[in-house]
Structure formats: structure tokens, C-alpha cells
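# Chain and residue survey
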Amino acid sequence: MAGVPPGSASIDSIAFTPEEEIQAYRTMLLIRRFEEKAGQLYALEAIHGLCPLSIGQEGAIVGLMMAARDTDPVITSYRTHGVLLARGVEPRRVMAELLGREAGVSRGKGGSVRMFDPEHRFYGGHGFAGLNVPVGAGLAFASRYRGDDAVTLCFYGDGAAARGRVFEAYRFAADRKLPIVFVVDNNTANPGAGIVLGPVPSAIAESGTPFALPGEQVDGIDVRRARAAARRAIARARNGEGPTLLEMLTYRYRGHGGMPARRGGAEARIEDADPVSKARARILASGVLAERDIKALEKEVRDEVTAAKMTAQAEPAPSPGELLSSVEA
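Here is what the cut-offs are and how they apply
Residues numbered from 1 in each chain as written. Predicted model: local features only at pLDDT ≥ 70, side-chain atom pairs only at ≥ 80, totals over all residues. Heavy atoms only, no water. Helix = DSSP H or I, 4+ residues; strand = E, 2+ residues; numbered from the N terminus. Buried < 20%, exposed > 50% of the residue type's maximum accessible area, 1.4 Å probe, protein only. Areas by Shrake-Rupley, 256 points an atom, 1.4 Å probe, with all protein chains shown as cover. Axes fitted to C-alpha atoms, helices over the stretch in contact; angles between N-to-C directions. Parallel < 35°, antiparallel > 145°, perpendicular 65-115°, else oblique. Left-handed = near helix turned anticlockwise from the far one by under 90°. Contact = heavy atoms within 4.5 Å. Nonpolar A, V, L, I, M, F, W, Y, C, P; charged D, E, K, R; others polar. Expected span 1.5 Å × (residues − 1). Arc of directions from axis to C-beta. Pairing = 2+ DSSP bridges. Right-handed = clockwise from strand over helix to strand, strands pointing away.

Within the protein chain, the secondary structure is distributed over 10 helices and five strands. Going through the 329 residues of the protein chain one by one, you find that 54% of them count as buried. Summed over its atoms, the accessible surface of the protein chain is roughly 14,000 Å², and 54% of this surface lies on carbon and sulfur atoms.

We now examine the packing of helix α5 (residues 132–146) against helix α6 (residues 164–175). Geometrically, a packed helix pair is captured by the angle between its two axes and the distance between the axes. Running from N to C, α5 and α6 point in directions that differ by 20°, and their axes come no closer than 8 Å. Relative to α6, α5 is oriented roughly parallel. As α5 packs across α6, the resulting crossing turns out to be left-handed. Seen from α5, the contacting residues are V133, P134, A137 and F141; seen from α6, they are R165, V166, A169 and F172. Residue composition of the contact of α5 with α6, grouped by class: seven nonpolar, no polar and one charged.

A few words on α6. Between its first and last C-alpha atoms α6 spans 17 Å; for 12 residues at 1.5 Å apiece the expected length is 16 Å, and the two agree. Every buried residue of α6 is listed here: V166, A169, Y170, A173 and A174. Taken end-on, α6 shows its buried residues confined to a sector of 120°, consistent with a single buried face. Its buried side turned inward, α6 meets α5, β2 (152–157), β3 (180–187) and β5 (244–250). The positive-phi residue at the C-terminal boundary of α6 is K177, with phi of around 50°.

This part covers the pairing of β2. For β2, a buried count of five out of six residues is recorded, marking the element as mostly surrounded by other parts of the structure. Bridge count between strand β1 (residues 74–75) and β2: two bridges; the pairing is parallel. By the bridge assignment for β2, I75 is matched with C154. Relative to β3, β2 runs parallel, the two being bridged by six bridges. Of the residues in β3, the one forming a bridge with C154 is F182. The handedness of the β2 to β3 crossover, carried by α6, is right-handed.

Omega for the bond connecting G124 with G125 falls within 30 degrees of zero, at 15°, which places this linkage in the cis form. If you trace the backbone, G125 turns up in the loop between α4 (91–98) and α5. The phi angle at R107 is positive, at roughly 60°, despite the residue not being glycine. Relative to the elements of secondary structure, R107 occurs in the loop between α4 and α5. Overall, the relative accessible area of 43% leaves R107 in the partly exposed class. A positive phi angle, close to 65°, is found at D149, a residue other than glycine.

Burial runs high along β5: seven of the seven residues are buried. Of the two faces of β5, the one carrying T244, L246, M248 and T250 and the one carrying L245, E247 and L249 are both buried. In the sheet, β3 pairs with β5 via seven bridges, with the strands oriented parallel. In the sheet register, V184 faces β5, and the bridge partner there is E247. The pairing of strand β4 (residues 215–219) with β5 spans five bridges and is classified as parallel. Bridging from a neighbouring strand, V218 pairs with M248 of β5. What joins β4 to β5 is helix α7 (residues 223–238), and the crossover it makes is right-handed.

Now the structure itself:
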């Protein structure tokens, strides 16, 4: 999902063409169905270790990837599956990694939180909060050094946004006007609280101010607004104007271990915070697809995820020799 899509009036426009509406919905739905399947397998203990899911954050992920080029490096913290799928990695390879199979993107050795796929310019998958942010700044520094016109997209959560290593990366990137976009997924509905829609009181978007790093708070539930904000930030970085911090307001449905999060008082408005259902309703209301056509698309995605699971389960585990390759003590 690459490039600045045609058909939009300006870089600030949130308008989607009919083709973009379908593309965005299909990719978000693929992430949703894949993550649901992964959650089922994790509950059955077919997936070991941690399995952090990004259910509810599909709009922010897909919007960012629609604005990026295939050659733009991407790095995440420990929610990796959705970004990989939006980047175009085959679902069977992501599922094989989750199941510890040699056909996985990291040959079955990375698991959920340490996936790595340089073929798709994806550089992790990092298990410690905020650890990927200085590495992302390093990727952007390498792009500037090579002059390859690439912009790094660096994803991490609101829990990591106040880490010292993150602020050091902000200072380094801002001082050198590095081509990077820092993307904070702000899970606005904390345990025990209701869903918060629209702008929220938060200092995250302004946290780069001491380093002259501009920030923007974005409705991450609306994939169109996510793409528009990403296009502005990426264009700024690619033009040599330096980094931007995007605070994506989202509502994540699952907790850190992949199990449903406990949200007191949130259930009554849960549909309002679902990027997938909102995109579906918009497609039907605009007449882009009829009900029967959208149901056919949904069956196609469901079958694709089922096939990915079946194929991945049939793959062998890593051989003893492979287990020790590319591993550092």
C-alpha cells in the first residue's frame, strides 16, 4: 500500500476515491480477522509467549501505510501484525511466525513481538517500550546519509511516549532534521474508563515542543483523517523539513496479553470507536458497494485468513541448525 494516492484534491484532503475506500476497508478487515484468529490461537496455547493485538487500531495503521511508499522504512514496538499486513506481507508468513514455523517472516524465531522483514523494509518488532524509537531515528539518519529519499515511520504506544530514550530520539531527529514520522498510538480508553471520542486532554502531541518538533493530535479511528495527517508529515520529512509527531487517538479492544481489555462503562459506545465498522457503513451509505458485494469481500477476507492459518500450521518448525542462525547471545 504505497505512494500518494491519485484522486485527492490536495495533501490535506481526507477524501477517498471509491477504490481507496474499498482498499482501506479490505486491509483493515484483513487485520481485524487475522488478529481475531491470532487471539483464538493464543487462547488455545498454539501461540506461545506474548501476542499483543492491535484490534481497534486498524484505522491509524492503514492510514499511515496508505500515505507511505514501499521504500519507506517502518519500525514498531511490540504490536507488529497489523503493520506487516498493511505493508503487504503475506498473512501466511505472519501466521507462520506466530506459530513458530520456519516459513515465518523471522523463520519462527521472533514470535509476535520480534518480527523482522527487511524485504518489506520492516525493521521490528521490539519487545521493550520505546526501544524502537532511537533505532527508528537511526534508520532515518541512514536514509539522510545515503540520500535515498525515504521517510521512516516509527510506531509506539502512549505508555512509551514519556521514556527518556524517546525524548533523546526526538532531540537527535529534530536537531538534524531527520526524515522520520513518530507515530504514537494513544489508547484513549484506559482500564476502568469509558471510550473518549474526539480530541482528548493530552500532552503527547506537544511533547516534542522543547526540541522544536511539531506535533498533531489525529482522529485515528477515521482512516481518512489518519492518511491525511500522515501525508502532511511524510511530505514535510521528505522535503527536508524534519520530523513530525503524530498522536493517533484510538481505542484498542485487547489488553497487552491479547485478552479482552476490561473497560468499565465503555460497551454502550463501542461501535463509535470501531474504524472497521465505520468504514463499512460509509461504503454502504455512499453506494460504493452494495450489501451483497461487501459481504462477498468479507467472505474473501475470512477465507484468506483461514487459509493462512491452515497453511501455516502445516509448515515445519525450524530445524536445529536454523534455530542457532542469526542469533546473538
